Amino acid sequence: MARNTSLYFRIVEGRNLPAKDVSGTSDPYCIVKVDNEVVARTATVWKNLSPFWGEEYTLHLPMGFHSLSFHVMDEDTIGHDDVIGKITLSKEAIGSQAKGLDCWLNLTRVDPDEEVQGEIHLSLELLKDTEKISLRCQVIEARDLAPRDISGTSDPFTRLIFNNHSAETSIIKKTRFPHWGETLELELDPEELREEGTVTVEVWDWDMVGRNDFLGKVEIPFACLHKTPPLEGWFRLLPLGNNEVDAGGKLGALRLKVRLVEDRILPSVYYQPLIDLLVESVISPTEVEDSSALTMLEEVNTVESRQDVAMTLVKIYLGQGLVVPFLDYLNTREVNNTSDPNTLFRSNSLSSKAMEQFMKAVGMLYLHEVLKPIINRIFDEKKYIELDPCKIDLNRTRRISFKGAVSEAEVRDSSVEMLQSYLTSIIESIVGSVDQCPPVMRVAFKQLHKRVEEQFAEPENEDVKYLAISGFFFLRFFAPAILTPKLFQLRDQHADTRTSRTLLLLAKALQSVGNLGLQLGHGKEQWMAPLHPIILRSVASVKDFLDKLIDIDHDIVSEVPQRAVFMPSVTVKEGFLHKHKAEGPQLLSRFAYKKRYFWLTSETLSYAKTPEWQNVNELNQWLSAIRKVSIYNERMLPSFHPGAHRSGKWTCCLQADRAVSGCSKTHSAVTLGDWSDPLDPDVETQTIYKQLLQGRDKLRKKYLEMPDSHQTSSSKENISPDIHPDGAECNVQLMKPGQSAAARLLAVMDDLEQAHATFQRRETEDSTSVILNP
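Residues numbered from 1 in each chain as written. Predicted model: local features only at pLDDT ≥ 70, side-chain atom pairs only at ≥ 80, totals over all residues. Heavy atoms only, no water.

## Things to note about the nonpolar core
So, step 1. Counting 118 residues, the largest nonpolar core has Phe326, Phe358, Leu371, Phe445, Phe473 and Phe478 as the members making the most contacts within it.
So, step 2. Per element, the largest residue contribution to this core is 16 residues, and it comes from helix 7 (residues 350–381).
So, step 3. Excluding residues within four positions of it along the chain, phenylalanine 445 makes contact with Met355, Met359, Ile469, Phe472, Phe473, Leu549 and Ile550. (Core = buried A, V, L, I, M, F, W, Y, C linked by side-chain atoms within 4.5 Å. Buried < 20%, exposed > 50% of the residue type's maximum accessible area, 1.4 Å probe, protein only. Helix = DSSP H or I, 4+ residues; strand = E, 2+ residues; numbered from the N terminus. Contact = heavy atoms within 4.5 Å.)

This is the structure:
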């Protein structure tokens, strides 16, 4: 039985950070590490001691983890970035909060002795004979040690300590992956066998000048050597354990939201009955209003988890090739239960959230193709744009004119001209993108159009069928992407203050376009009036676009189950990387690196000298993308050499054999969760099962249990006589609406619960057997 570990965290904001620059401020950003592996980096917020990031990340960690840390840094244009402080959360601390952490945490100082990483391979045993008693430790190798020297390496050696005894290995120069292959032996007195001490193995970086640098330690209870000879394996290096706490928050604080989800994933056969019920809900519903597994899930779904459940359901039905019937089922229920067309899809219902997540899952590449050139243009031009008279700052308008002072009227005229130019480009790009829109999105919108038209057929509701589609397409997809491009991966950095204001004004205007101009002039922001003409002129082209968008045959959409959200022929990631040439002599190391533009699909990784357009991506995003497209590669290596084989040896571990196994673990497990996550039906169905489990009592009480008073006073009403053709009379129990569906669903949940208990019991028995029979 597999384990699935996911971390959800949001870096909300910071406060009272210390000033690191001569200007009396800082340029803070956050680096996020899992067990010292960098997994994410926020944008830099320039010149701000109380920055707001609001960045969310999901990490998939199949191999588990020990700690999550947030390092706050001050970015410097020249020289190294300054360290402000850090927050470290252990897995136990995060897991102890069922609903996750949501609080302010003070930053602590970064102590070099606490910043350790890597593992060491040891074998320990206690030797007893008539002549002497000794503790023998084979120090085999270490990997991924922290770099302590300016060269980016270390000069490691190992020290074995027990009581007052110690011994050291030799020093291996300039490597983070040392191979010692040495045996250390401590001779013990007989009385020391009765002591309950600790055997410590420390790793140090040797320095010719000054004190040696600490690289980590391993502590093993001496009692373990009595029970388990010999004790061998890879051991994670731990810090000294000073745990310095910054009293009073002098380094500032971060507001974090962190939640840990750990699941045992059963074999697929155990989830199939639940998948069958979910599939049955959408492919053969007797009546849309009848109870089903899907409607019961909606009943017990909480507001906090609705978005996660919606995304999970979208992935399940994508994998089954039934995402269109699934959305049609939810949307039909929503439309049929809405009497006022003005409130249609205005709430955060499961159907609304499912449509949002569906568009992100299948339409993100389409959104990039439509918006990215325009977003890049806005970021590059950095125009000062403002329409609100209360916010116009004439001191920021010097770049508009070199003819002296600029009036508010000139600022508004210039702003209107630029906004009209940007908005025209955005609208033209969207309305001209019919053929670029994924067919599955078009079919889903076609079904939505049909259901709304059937429900609101009156002439006065002619626009409702358009508003239903544009409400999702413009208000919940394109407008949010324009407002915050980084959250939709359109940009690597957040916009500065000036560009953010431009994006906000454009997002407001595009929302009015999505509303077909029906709300213009009714709000408080009358200063947006100069954009009203262009918005009203766009209504006809938007309606024409929506008509063309839904003019598609259902058969175009393949109903074949998908293994991944993205298709093989689609580019998942692209951008500049540096290609390293490891072979051949190099006069200067910098000539071994060449800047190339890479394209990654689920089938190939290719590169060329120049791209058609520029797009810079961060390294951890590249690693995550490559790991995702390699998830089904059965020939993945468990280890690799991070260096090159040069001058007869590997530069990383200094081994001479070219074919020797890699000295570093392949970090193929940690991935960033996003729209391109491969589908995993077992993990997704487990998520739905857990959500149903939280509402099981509610479902049982509503559908299966009868109130005591009703059972005693109204028993005659519940039992009706029925006369068979042969004259025999029998009593028939009338069932509650939905009782049969609920009974089947609860039975499936009971079976899953029993399967989890069985597998957990087997795991416990197996672990006990290992301890008793080493």
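## Regarding the confidence of the model for the protein
So, step 1. For the protein, mean pLDDT is 82; residues scoring 70 or higher make up 80% of the total.
So, step 2. Ignoring residues within four places in sequence, the model shows residues 559–569, a span with pLDDT below 50, making 31 contacts including any to other chains. (pLDDT = per-residue confidence, 0-100.)

## A short note on the pattern of salt bridges
So, step 1. Under the criterion given, the structure shown has 31 salt bridges.
So, step 2. The shortest N-O distance in the salt bridge between arginine 41 and glutamate 75 comes to 3.0 Å. Here arginine 41 is found in strand 3 (residues 37–41), whereas its partner glutamate 75 is found in the loop between strand 5 (67–74) and strand 6 (82–90), with 34 residues between them in sequence.
So, step 3. Look at the salt bridges and you will find they share partners, linking Arg696, Arg700, Asp750 and Glu753 into a network. (Salt bridge = Lys/Arg side-chain N within 4 Å of Asp/Glu carboxyl O.)

## Section: the sheet that holds strand 15 (residues 231–236)
So, step 1. With respect to topology, four strands assemble into an open sheet ordered 12-9-8-15, the strand pairing being antiparallel. If you trace the sheet from one side to the other, it starts and ends with strand 12 (179–188) and strand 15, each paired once. Strand after strand, the sheet turns through a mean of 20° between neighbouring axes, direction not considered.
So, step 2. Two strands pair when backbone bridges link them, and strand 9 (residues 133–143) and strand 12 are joined in this way by eight bridges, in the antiparallel orientation. Looking at strand 12, one finds that leucine 135 is bridged to leucine 186. (Pairing = 2+ DSSP bridges. Axes fitted to C-alpha atoms, helices over the stretch in contact; angles between N-to-C directions.)

## Digging into the pairing of strand 3
So, step 1. In terms of burial, strand 3 is a largely internal element, four of the five residues being buried.
So, step 2. The sheet contact formed by strand 2 (residues 28–34) and strand 3 spans four bridges and is antiparallel. Across the sheet, lysine 33 pairs through a bridge with valine 38, a residue of strand 3.
So, step 3. Between strand 2 and strand 3, which pair antiparallel in sequence order, lie two residues; one of them, aspartate 35, sits at a positive phi of approximately 50°.

## Quick notes on helix 6 (residues 323–336)
So, step 1. Here helix 6 is 14 residues long and its end C-alpha atoms lie 20 Å apart, about the 20 Å a rise of 1.5 Å per residue gives.
So, step 2. Along helix 6, twelve of the 14 residues are buried, which leaves the element largely enclosed by surrounding structure.
So, step 3. Considered for burial, the residues of helix 6 that qualify are Val323, Val324, Phe326, Leu327, Asp328, Tyr329, Leu330, Asn331, Thr332, Arg333, Glu334 and Val335.
So, step 4. The elements touched by buried residues of helix 6 are helix 3 (268–283), helix 4 (293–300), helix 5 (306–320), helix 7 and helix 9 (439–455). (Expected span 1.5 Å × (residues − 1).)

## Considering the environment of histidine 554
So, step 1. Here histidine 554 lies in the loop between helix 12 (532–549) and strand 17 (573–580).
So, step 2. Taking the C-alpha atoms as reference, histidine 554 lies 9.0 Å from lysine 446; in sequence the two are 108 residues apart.
So, step 3. When near neighbours in sequence (up to four residues on either side) are disregarded, histidine 554 contacts Val443, Lys446 and Gln447.

## Considering the packing of helix 5 against helix 14 (residues 681–694)
So, step 1. As a packed pair, helix 5 and helix 14 sit with axes 9 Å apart at the nearest point and diverge in direction by 135°. With respect to each other, helix 5 and helix 14 are oriented oblique. Remark: the crossing between helix 5 and helix 14 carries left-handed chirality. On helix 14, the residues touching Val309, Thr312, Leu313, Lys315 and Ile316 of helix 5 are Glu684, Thr685, Thr687, Ile688 and Gln691. (Parallel < 35°, antiparallel > 145°, perpendicular 65-115°, else oblique. Left-handed = near helix turned anticlockwise from the far one by under 90°.)

## Topic: unusual backbone geometry
So, step 1. Although it is not a glycine, asparagine 16 adopts a positive phi angle of roughly 55°.
So, step 2. With respect to the secondary-structure elements, asparagine 16 resides in the loop between strand 1 (2–15) and strand 2.
So, step 3. Positive phi is not limited to glycine here, since lysine 174 has a value of about 50°.
So, step 4. By relative accessible area, lysine 174 is classed as exposed at 59%.

## Brief notes about a negative patch on the surface
So, step 1. On the surface, a cluster of negative charge is contributed by Glu187, Asp189, Glu191 and Glu195.
So, step 2. Mapping glutamate 187 onto the fold places it in strand 12. (Patch = residues over 30% accessible without salt bridge, like charges linked within 9 Å, V, L, I, M, F, W, Y side chains within 5 Å. Areas by Shrake-Rupley, 256 points an atom, 1.4 Å probe, with all protein chains shown as cover. Lys, Arg positive; Asp, Glu negative; His and termini not counted. Charge placed at Lys NZ, Arg CZ, Asp CG, Glu CD.)

## Let's talk about the environment of cysteine 137
So, step 1. Looking at where cysteine 137 falls in the secondary structure, it is placed in strand 9.
So, step 2. Taking relative accessible area as the criterion, cysteine 137 reaches 0% and is therefore assigned buried.
So, step 3. Distance from cysteine 137 to leucine 160, taken between C-alpha atoms, is 7.8 Å for residues 23 residues apart in sequence.
So, step 4. Beyond its immediate stretch of four places on either side in the chain, cysteine 137 contacts Leu122, Ser123, Leu124, Leu160, Glu182, Thr183, Leu184 and Val201.

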